[in-house]
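Examination of the molecular architecture
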Amino acid sequence: MNSSKSRRKIVPTSLENGESGDKLDQLLLSSAICNGEELSPFIRKVFATGKPETLIHHLRHFSRSKEAEIEEVCKVHYQDFIMAVDDLRSLLSDVDSLKSSLSNSNSQLQSVAGPLINSLDSFLEARNKCQNITLAIESLRTCVRLMEVCSRVNFHMSKNNYYMALKCMDSIEREFTDKTPSSTLRRMLEKKIPAIRTHIERRISNEFGDWLVEIRTVSRNLGQLAIGQASAARQRDEELRIRQRQAEEQSRLSLRDTVYVLEEDDDDGYANGNYGNDGYATGGNGNGMLGFDLTPLYRAYHIHQTLGLEDRFKQYYFENRKLQLTSDFQVSSMTPFLESHQTFFAQIAGFFIVEDRVLRTGGGLISKMEVESLWDTAVSKMCSVLEDQFSRMRTANHLLLIKDYVSLLGVTLLRYGYSIDALLDVLDKHRDKYHELLLSDCRTQIAEAVAADKFEQMWMNKEYEYSMNVLSFQIQTSDITPAFPYIAPFSSTVPDCCRIVRSFVEDSVSFMSHGGQLDFYEVVKKYLNRLLTEVLDAALLKLINTSITGVNQAMVVAANMAVFERACDFLSRHAAQLSGIPLRMAERGRRHFPLMKARDASEQMLSSLLKNKVDGFMTLIENVNWMIDEPPQNENEYVNEVIIFLETLLSTAQQILPIKVLKRVLQVVLSHISETVVNSLAGESVKRFGINAIMGIDIDVKLLESFAENQASLVSEPEANELKLALVEVRQLVNLLLSNNPENFLNPVIRERSYHALDYRKVVIISEKLKEPTERLFGTFGSRGNKQNPKRKSLESLIKRLKDVN
């Protein structure tokens, strides 16, 4: 009892100075024993001192001191024990009474229940017999039902209906294996059921293997069909946009508002919304999934589910499809990619169309994450293949063909929920390379077309030729169809180059459309401007500088440039329409004429050749009698020849050159004539001249001015006045020399109003050559006393002051 309680530590009390050492040792030993401390120090001490008897004595003394305490505790517990014995004796007397009562009750029960027990034994025997009979009947019924299910298993196996056979065997295992009373039947089931399952698994695995082989060919055909439908839908959209553009163009050109109704053909497939039950286009044949059957796959999957091999089959299916996808990416080095790219991409399209169908209807055969993993792998590989193939291509058309097919692949798979951003990024990345290749191709074509130019007006014998070469580029000057044969005011270079540029625009739009970039007009316009300025303008400029040798050739080229100006407007509108940009926006952002250098060079070349021709006639100015005695009544010979040449030129040029071009060229020629007359008067060939000769020049200038004014029927009256102003230098010089007060030239106001075109240095030189009619060589000696002419005095004053200014 005391061992379970914590003991209080006893500390020995201090001794008086008179107590002995033995008493102290006894107290220390008692304290150690009470506190449960080790006694080994005491034992070692007594043995060390050689007095073990003292320790024994102290221990005996401690034992005697504790005996009284033990006796007191025992007395207390003995009293409790005596009381418990008394209680037990009282309980034994009650038990004896109860035992007697139970014995009497049992005797009475035995006498009463005896007959009942006999009846119960008879009942139990009868019931056991009944239960045995019932058990036998139930066993027979179980066996009959088992045999019926086994018969169904055999029937389903004979029909290759493995799924139902497995369901029946599951039913047998679940309902009959543990309940079959016949050990023979039980052993038969335990042996045959696993064998049948193994047979079914082997057969289904073979069928699934055959399906995996077949699916590759079917996927390729499926992809080709789906991409073909996407291409047909795109073609219908293009045709619709073409009709819309035609309607817009007709509406723009018409003087009255016209309502156009565009009707679409009611085609099958995508056009009429003919979709199968699974939401996929059926191509008009209503066969769902484009005629593709997934029954063998689902049959194998369901059977493996029944066999408890669902997870293994899923893994097997995924790994096999992954291997097939990897093998599909093996691009043969023996076949050019341009020839095999359609099969390559169709195989991939078909693969993922099948996987999408399996994902939606396969009951968990493949997960969305696994399909996305396959797609990410495919996209990565396709991007790698495209990067490699595009880097090797040197022909724009080849790159365009592959890009178009890839975009169709993207459109097809986008309908099935696959992300195609990475593919579009690869296509957009090679946009600049494609256009550089396209520019290179067009540069070669344009160089060949320009080099083949014979500088002859183009003949068109049939209306379709006129439509093909003129109307198709909107370069006609009238909406009235001309009579045939028709001689166009341009050479064959114009429609040839227009066809090349139009093809460039269409190819550029074709590459940029159906991609990730919706607003690509600025890109198309940028490369169109580069083609016109860097390629066509440069080719025409080279032609002008190297191949033109005659006026007729230069005239044809200048006429070509005027037609090119209208053609460039059409090409700009055409690019905007193909890009889906409203014409008003395209016209608002239109820049200057991109072939300006070639146009200016052609007009300069024509003007230069015409000036050379005019110079040939202007040599006749040397025949002018500069010191004629009487005022002439008729014009000089040179001006007649020049006017005849100009009239002949006009009669020819107005059939070819536009009026604006003709006016600009004629203005340059007239200005050159004016400059030539002035330079002749200022040149070394004319030593001096009289006022009568200037009157003759005045007649010549009036004749030229009359020629310019007469062109009002060809050009507008303001433009005819501009032609007349081309003679302003010679006109102002003649007016100055015929003036009664030439000194007015020095008046800034009068000079700005009447003589602004004159160079004062030429005025000095020419004025010094002007002599009076009476003046002759050495004639001044006889007339020193004569009064000086005021006009002459004014002229000499003018000369003197101009020299001072100089």
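Residues numbered from 1 in each chain as written. Predicted model: local features only at pLDDT ≥ 70, side-chain atom pairs only at ≥ 80, totals over all residues. Heavy atoms only, no water.

We now examine the overall build of the protein. Looking only at helices and strands, the protein features 26 helices and 4 strands. Sorting the 806 residues of the protein into buried and exposed places 39% on the buried side. When contacts within the protein are restricted to residue pairs at least 6 apart in sequence, those whose partners lie at least 24 apart make up 77%. When the accessible area of the protein is evaluated, it comes to approximately 45,900 Å², of which 52% is carbon and sulfur surface. (Helix = DSSP H or I, 4+ residues; strand = E, 2+ residues; numbered from the N terminus. Buried < 20%, exposed > 50% of the residue type's maximum accessible area, 1.4 Å probe, protein only. Contact = heavy atoms within 4.5 Å. Areas by Shrake-Rupley, 256 points an atom, 1.4 Å probe, with all protein chains shown as cover.)

Moving on to the nonpolar core. Counting 204 residues, the largest nonpolar core has Phe 345, Phe 352, Met 382, Phe 564, Leu 646 and Phe 689 as its most contacted members. The dominant element in this core, judged by the number of residues it contributes, is helix α16 (residues 551–578), at 17 residues. For Phe 564, the contacting residues outside a window of four places in its chain are Thr 493, Val 494, Cys 497, Cys 498, Leu 536, Leu 540, Phe 593 and Leu 595. (Core = buried A, V, L, I, M, F, W, Y, C linked by side-chain atoms within 4.5 Å.)

Here we come to the packing of aromatic side chains. Inspection of every chain in the model, using the stated rule, returns 20 aromatic pairs. Their ring planes at 80° and their centres at 6.1 Å tell us that Phe 337 and Phe 345 sit as a pair that is edge-to-face. A residue is classified by how much of its surface remains accessible, and Phe 345, at 0% relative accessible area, is buried. When the ring of Trp 375 is compared with that of Tyr 418, the centres are 5.0 Å apart and the planes differ by 45°; the resulting orientation is tilted. One end of the pair, Trp 375, is in helix α9 (residues 368–392); the other, Tyr 418, is in the loop between α10 (396–414) and α11 (421–429), with 43 residues separating them in the sequence. Each member of the pair, Trp 375 together with Tyr 418, is buried. Through pairs of rings, three or more aromatic residues link up here, namely Phe 208, Trp 211, Tyr 301, Phe 313, Tyr 316 and Tyr 317. In this arrangement the basic side chain of Lys 403 is found over the ring face of Phe 511, its NZ or CZ atom lying 5.5 Å from the centre. (Phe/Tyr/Trp six-rings, centres within 6.5 Å; stacked < 30°, edge-to-face > 60°. Lys NZ or Arg CZ within 6 Å of the ring centre and 35° of its normal.)

A surface patch of nonpolar side chains, amounting to about 370 Å² of accessible area, comprises Leu 88, Leu 91, Leu 92 and Val 95. The residue Leu 88 is located in helix α3 (residues 52–158) in this model. (Patch = residues over 30% accessible without salt bridge, like charges linked within 9 Å, V, L, I, M, F, W, Y side chains within 5 Å. Salt bridge = Lys/Arg side-chain N within 4 Å of Asp/Glu carboxyl O.)

Quick look at unusual backbone geometry now. That bond from Phe 484 to Pro 485 is cis: its omega, 5°, falls within 30 degrees of zero. Structurally, Pro 485 can be placed in the loop between α13 (463–469) and β2 (486–487). Unlike most non-glycine residues, Phe 455 shows phi in positive territory, near 55°. A relative accessible area of 12% means that Phe 455 is categorised as buried. One non-glycine residue, Gln 474, lies in positive phi territory at about 55°.

What follows covers the confidence of the model for the protein. Model confidence for the protein is summarised by a mean pLDDT of 80, while 87% of its residues fall at 70 or above. The secondary-structure element of the protein with the lowest mean pLDDT is helix α17 (residues 583–588), recorded at 67, while α9 shows the highest, at 90. Taken as a whole, residues 255–289 scores under 50 in pLDDT and shows 57 contacts with residues more than four places along the chain or in a different chain. Overall, residues 776–786 carries pLDDT values under 50, and its contacts beyond four positions in sequence, including any with other chains, amount to 3 contacts. (pLDDT = per-residue confidence, 0-100.)

Further remarks concern helix α8 (residues 337–361). Across its 25 residues, α8 extends 35 Å between first and last C-alpha, which sits within 8% of the 36 Å expected from 1.5 Å per residue. Looking one or two residues past α8, Gly 363 carries a phi angle of roughly 65°, positive in sign. (Expected span 1.5 Å × (residues − 1).)

Let's shift gears to the side chain of Asp 700. Among the secondary structure elements, Asp 700 is positioned in helix α21 (residues 691–709). Buried within the structure, Asp 700 lacks any salt-bridge partner; Arg 731 is the closest side chain of opposite charge, at an N-O distance of 9.8 Å. Polar side-chain contacts of Asp 700 include one of 2.5 Å to the side chain of Asn 636. With sequence-adjacent residues up to four places away left out, Asp 700 is seen in contact with Glu 635, Asn 636, Tyr 638 and Val 639. (Lys, Arg positive; Asp, Glu negative; His and termini not counted. Polar contact = N/O pair within 3.5 Å; in protein donor to acceptor, adjacent residues only side chain to side chain.)

What follows is about the packing of α3 against helix α4 (residues 162–175). At a closest axis distance of 8 Å, the pairing of α3 and α4 adopts a crossing angle of 160°. Taken as axis vectors, α3 and α4 run roughly antiparallel relative to one another. As α3 runs across α4, the sense of the crossing is left-handed. On α4, the residues that touch Arg 145, Leu 146, Val 149, Cys 150, Arg 152, Val 153, His 156 and Met 157 of α3 are Tyr 162, Met 164, Ala 165, Cys 168, Met 169, Ile 172 and Glu 175. Looking at the contact of α3 with α4 residue by residue, the classes come out as 11 nonpolar, 1 polar and 3 charged. (Axes fitted to C-alpha atoms, helices over the stretch in contact; angles between N-to-C directions. Parallel < 35°, antiparallel > 145°, perpendicular 65-115°, else oblique. Left-handed = near helix turned anticlockwise from the far one by under 90°. Nonpolar A, V, L, I, M, F, W, Y, C, P; charged D, E, K, R; others polar.)

Right, let's talk about the pattern of salt bridges for a bit. Counted by the stated rule, this structure contains 30 salt bridges. Between Arg 664 and Glu 603 there is a salt bridge, with its nearest N and O atoms 2.5 Å apart. Taken as a pair, Arg 664 in helix α20 (residues 659–682) and Glu 603 in helix α18 (residues 596–618) lie far apart in primary sequence, 61 residues in all. Looking at Arg 664, the relative accessible area reads 33%, which means it is partly exposed. By relative accessible area, which is 11% here, Glu 603 ends up buried. In this structure, the salt-bridge partner of Lys 702 is Asp 698, at a minimum N-O distance of 3.3 Å. With Lys 702 and Asp 698 both in helix α21, this residue pair falls 4 residues apart, about one helical turn. Residue class for Lys 702 comes out partly exposed when judged on its relative accessible area of 47%.

Judged by relative accessible area, Asp 698 falls into the buried class, the value being 10%. When the C-alpha atoms of Asp 698 and Val 734 are compared, they prove to be 6.2 Å apart, with 36 residues separating the residues in sequence.

With their axes 9 Å apart at the nearest point, α16 and α18 run at an angle of 155° to one another. Judged by the angle between their axes, α16 and α18 are roughly antiparallel. Read as a crossing pair, α16 and α18 show a hand that is left-handed. Taken together, the residues of α18 that come into contact with α16 (itself represented by Val 551, Ala 554, Met 555, Val 557, Ala 558, Met 561 and Glu 565) are Ala 598, Arg 599, Ser 602, Met 605, Leu 606, Leu 609, Leu 610 and Lys 613. The class makeup of the residues in the contact of α16 with α18 is 11 nonpolar, 1 polar and 3 charged.

For the rest of this paragraph, the subject is the side chain of Ser 674. Tracing the backbone through its elements, the reader meets Ser 674 in helix α20. Residues contacting Ser 674, with those up to four places away along its chain left out, are Ala 726, Leu 727, Glu 729 and Val 730.

The final tally for this structure, using the stated rule, is 0 disulfides. As a non-bridged cysteine, Cys 168 has Cys 150 as the owner of its nearest cysteine sulfur, 9.3 Å distant. In this model Cys 568 remains outside any disulfide bridge; the closest cysteine sulfur is found in Cys 498, 7.4 Å from its own. For Cys 568, a relative accessible area of 8% corresponds to the buried category. (Disulfide = S-S within 2.5 Å.)

With respect to the helices and strands, Thr 546 occurs in helix α15 (residues 521–547). Taking the relative accessible area as the measure of exposure, Thr 546 reaches 56% and is therefore exposed.

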